[in-house]
Amino acid sequence: MAKVILDHVTKRFPNGVVAVNDATLEVKDREFVVLVGPSGCGKSTTLRMIAGLEEVTQGNIYIGDTLVNDVPPKDRDIAMVFQSYALYPHMTVYDNMAFGLKLRKFPKAEIDRRVREAARILEIEHLLDRKPKALSGGQRQRVALGRAIVREPKVFLMDEPLSNLDAKLRVQMRAELSKLHNRLQTPVSYVTHDQIEAMTMGDRIVVLNDGIIQQVGTPLDVYDNPVNLFVATFIGTLPMNTMNAVLKQEGGRIYADLGSFRLYIPEGKFKTIGKYIGQEVIVGIRPENIFDRASVPDANEEDVVTATVDVMELIGSEVNLYMSTPTTSFTARVDAHTKAQDGAQHQVVFNTKKLHLFDKKTENAIL
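Only a predicted model underlies this, so the values are computations on that prediction, with no experimental measurement involved.

Student: I would appreciate a short explanation of unusual backbone geometry in the present structure.
Tutor: When glycine is set aside, most residues are seen to have a negative phi, and most peptide bonds are trans. Although it is not a glycine, His8 sits at a positive phi angle of roughly 50 degrees. Inspection of the secondary structure assignment puts His8 in strand E1 (residues 4-12). One non-glycine residue, Asp210, adopts positive backbone phi at about 55 degrees. You can see Asp210 is positioned in the loop between strand E9 (204-209) and strand E10 (212-217).

Student: In this structure, what is going on with the pattern of salt bridges? I would like to understand it.
Tutor: Between side chains of opposite charge, a pair can form when the charged atoms approach closely. One pass over the structure, following the stated rule, counts 20 salt bridges. Lys11 is paired through a salt bridge with Glu54; the nearest N and O atoms lie 3.7 Å apart. Taken as a pair, Lys11 in strand E1 and Glu54 in the loop between helix H1 (43-51) and strand E4 (58-63) lie far apart in primary sequence, 43 residues in all. For Lys11, a relative accessible area of 8% corresponds to the buried category. Because the salt bridges share partners, they merge into one network encompassing Glu110, Arg113, Arg114 and Glu152.

Student: For this particular structure, what's the right way to read the sheet that holds strand E7 (residues 155-159)?
Tutor: One key point about sheets: their strands pair by backbone hydrogen bonds, in either a parallel or an antiparallel sense. The 6 strands are arranged E6-E7-E8-E3-E9-E10 in an open sheet whose pairing can be described as mixed. Of all the strands in the sheet, the pair left with one neighbour each is strand E6 (78-81) and E10. Looking at each pair of strands side by side, their axes are set apart by 15 degrees on average, direction ignored. As defined by bridge partners, strand E3 (residues 32-36) adjoins E9 across 4 bridges and the pair is classed as parallel. Bridge pairing in E9 places Val36 opposite Val207. Along the sheet, helix H4 (residues 137-149) makes contact with E6 and E7, crossing E6 at roughly 170 degrees.

Student: Mind showing me how you'd approach the side chain of Asn241 here?
Tutor: Positionally, Asn241 belongs in strand E11 (residues 241-250). At 2.7 Å, the side chain of Asn241 forms a polar contact with the backbone nitrogen of Thr331. Leaving out residues up to four positions away in the same chain, Asn241 has contacts with Val283, Gly284, Ile285, Arg286, Pro287, Ile290, Phe330 and Thr331.

Student: It is not clear to me how the sheet that holds strand E18 (residues 329-335) should be interpreted in this structure. Could you clarify?
Tutor: In space, the 5 strands of this open sheet follow the order E15-E19-E16-E17-E18, with antiparallel pairing throughout. The open sheet terminates on both sides in strands that have one partner only, identified here as strand E15 (290-292) and E18. Pairwise comparison of adjacent strand axes, ignoring direction, gives a mean angle of 50 degrees for this sheet. Here strand E16 (residues 304-314) runs beside strand E19 (residues 345-350); their pairing, made up of 5 bridges, is antiparallel. Residue pairing for E19: Thr308 is matched across the bridge by Gln345.

Student: Would you mind going over empty space enclosed by the protein with me for this structure?
Tutor: In this structure the tally under the stated criterion is 1 cavity of 30 Å³ or more. Taken as a whole, the largest cavity spans an internal volume of roughly 80 Å³. Looking at the largest cavity, the residues that line it are Phe32, Leu145, Ala148, Ile149, Phe156, Met158, Leu177, Leu180, His181, Leu184, Thr186 and Val188. Taken together, the elements giving at least two residues each to the lining of the largest cavity come down to H4, E7 and helix H5 (167-184). Among the elements that take part in the lining of the largest cavity, H5 stands out by supplying 4 residues, more than any other. Among the residues forming the lining of the largest cavity, the class breakdown is 10 nonpolar, 2 polar and no charged.

Student: Any chance you could explain helix H3 (residues 108-122) here in plain terms?
Tutor: Because the α-helix completes a turn every 3.6 residues, residues three or four places apart line up on one side. The end-to-end C-alpha distance of H3, which contains 15 residues, comes to 21 Å, matching closely the 21 Å that a straight helix rising 1.5 Å per residue would cover. Residues Ile111, Arg114, Val115, Ala118, Ala119, Ile121 and Leu122 constitute the buried set of H3. Looking down the long axis of H3, one finds its buried residues gathered within 160 degrees of arc, a one-sided arrangement. Contact partners of the buried residues in H3: helix H2 (93-103), H4 and H5.

Student: Would you mind going over the packing of aromatic side chains with me for this structure?
Tutor: Each aromatic ring pair is summarised here by two numbers: the centre-to-centre distance and the angle between the ring planes. Per the counting criterion, the structure on display carries 7 aromatic pairs. On the basis of an interplanar angle of 45 degrees and a centroid distance of 5.8 Å, the ring pair of Phe261 and Phe350 is categorised as tilted. Placement of the pair is Phe261 in the loop between strand E12 (253-257) and strand E13 (262-264) and Phe350 in strand E19, with a sequence separation of 89 residues. Across the pair, exposure class does not vary: Phe261 and Phe350 are buried alike. An aromatic cluster of at least three residues, connected via ring pairs, comprises Phe261, Phe330 and Phe350. When the ring centre of Tyr264 is taken as origin, the NZ or CZ atom of Arg253, which lies over that ring, is 4.3 Å away. One residue, Arg262, lies across the ring of Tyr255, its end atom 4.0 Å from the ring centre.

Conventions used here
Throughout this description, residue numbers start from 1 for each chain and increase along the sequence as written. Predicted model: local features are reported for residues with pLDDT of at least 70 only, side-chain atom pairs are reported and counted for 80 or more only, and whole-chain, interface and lining totals are derived from all residues. The side-chain figures draw on all heavy atoms in the structure; neither hydrogens nor water molecules are used. Runs of E in the DSSP output that reach at least two residues are strands. Runs of H or I that reach at least four are helices, and both are numbered from the N terminus. Just to be clear on terms, a salt bridge is a Lys or Arg side-chain nitrogen sitting within 4 Å of an Asp or Glu carboxyl oxygen. Relative accessibility under 20% of the residue-type maximum defines a buried residue, over 50% an exposed one, and the middle range a partly exposed one, all with a 1.4 Å probe and only protein chains included. Whether two strands pair depends on DSSP finding at least two bridges between them. Note on method: axes are straight lines fitted to C-alpha atoms, helices fitted across the in-contact stretch only, with angles between N-to-C directions ranging 0 to 180 degrees. Contact between two residues is taken to exist if any of their heavy atoms lie within 4.5 Å; hydrogens are not considered. We define a polar contact as two N or O atoms separated by no more than 3.5 Å, with the added condition that, inside protein, one atom must be a possible hydrogen donor and the other a possible acceptor, whereas residues neighbouring each other in sequence contribute only through side-chain atom pairs. The way it works is a 1 Å grid over only the protein atoms, where trapped points that fit a 1.4 Å probe form a cavity and open points with protein on both sides within 12 Å along at least five of seven lines form a pocket, and then any residue with an atom within 4 Å of a point lines it. Grid points are joined across faces, edges and corners, and a volume is the space filled by probe spheres set on the points. Under the scheme applied here, ten amino acids are nonpolar (Ala, Val, Leu, Ile, Met, Phe, Trp, Tyr, Cys and Pro), four are charged (Asp, Glu, Lys and Arg), and all others, including Gly, are polar. The span one expects for a helix is its residue count, reduced by one, times 1.5 Å. The arc in question is the one spanned by the directions pointing from the helix axis to the C-beta atoms. Pairing of aromatic rings covers Phe, Tyr and Trp, the last through its six-membered ring, and needs centres within 6.5 Å; plane angles under 30 degrees mean stacked, over 60 mean edge-to-face, and all others mean tilted. In this analysis the charged atom, NZ for Lys or CZ for Arg, is taken to sit over a ring once it is within 6 Å of the ring centre and within 35 degrees of the ring normal.

See the structure below:
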């Protein structure tokens, strides 16, 4: 069974910089795991350690049941797809895909079978006689994938393979990669800084920051239940709104006092909330959980907030409303047919069932 295990892995460079700090992770057999985070967070270094292109400072890496810390890259039975397609410009598509197998002295018949099967899967059979300069970006990326597929490796490693493509082609290739994984059923470790790629492609996502794994889980779990403020604000096409507030209690009910308005906390939502009463906390809510008042006619008036519309950002079927009150600001994502107007007061409804609270000092989620 093919799997990848990182057991307390650390990478420290000679200049003292710790790129990856005590990372523990298991990529299971047939699983598509996406490592996501901002530039410089350690995700590519993690992938390069799995590939054997970087040495591990501390900890162990296993591929299958084999400890591979001292195993050369060529003997790890992995295939890597890079951001730059790294195709040989003087070779045809066929020869680019076959090159690695020729180096390993595979029989000609077996090489031909594997290349043509990969080309069929990727729908590039008609391109086998062309050279890379005659291909589009998307076609070159398919060839790079084909070169990895023919290896029939235990594990695929992909380092931002779609980042050089235009927006439309990236969407198409995301779907193609997901279909390819479903077909091959080989574990994939995929690195990206694009959290849309992470959310749409991964069986699980691994969020990194400053070399530390922040959270591991299914895309929906990480989206709905971020463990800290970094994850909450990094995951999401619009960042989660975060606002400073003081927790107070009145008549047995707890609310977040944001100065110009208050948000009542649903009873029983946060089990440890009692110890934070009287303290400053960070309130989080996603823009899609703030609704246009007109779209919620039966809204509880306690959840209605009046704010000034500073900017309206049309994104097709929806509008992002950047709004402010005298003490805070937030973004709401509402229907494009909203009656909101730039510079005018407008009413929105907060879905308090979707509120998140974070400890002001540690920035960890209050559960």
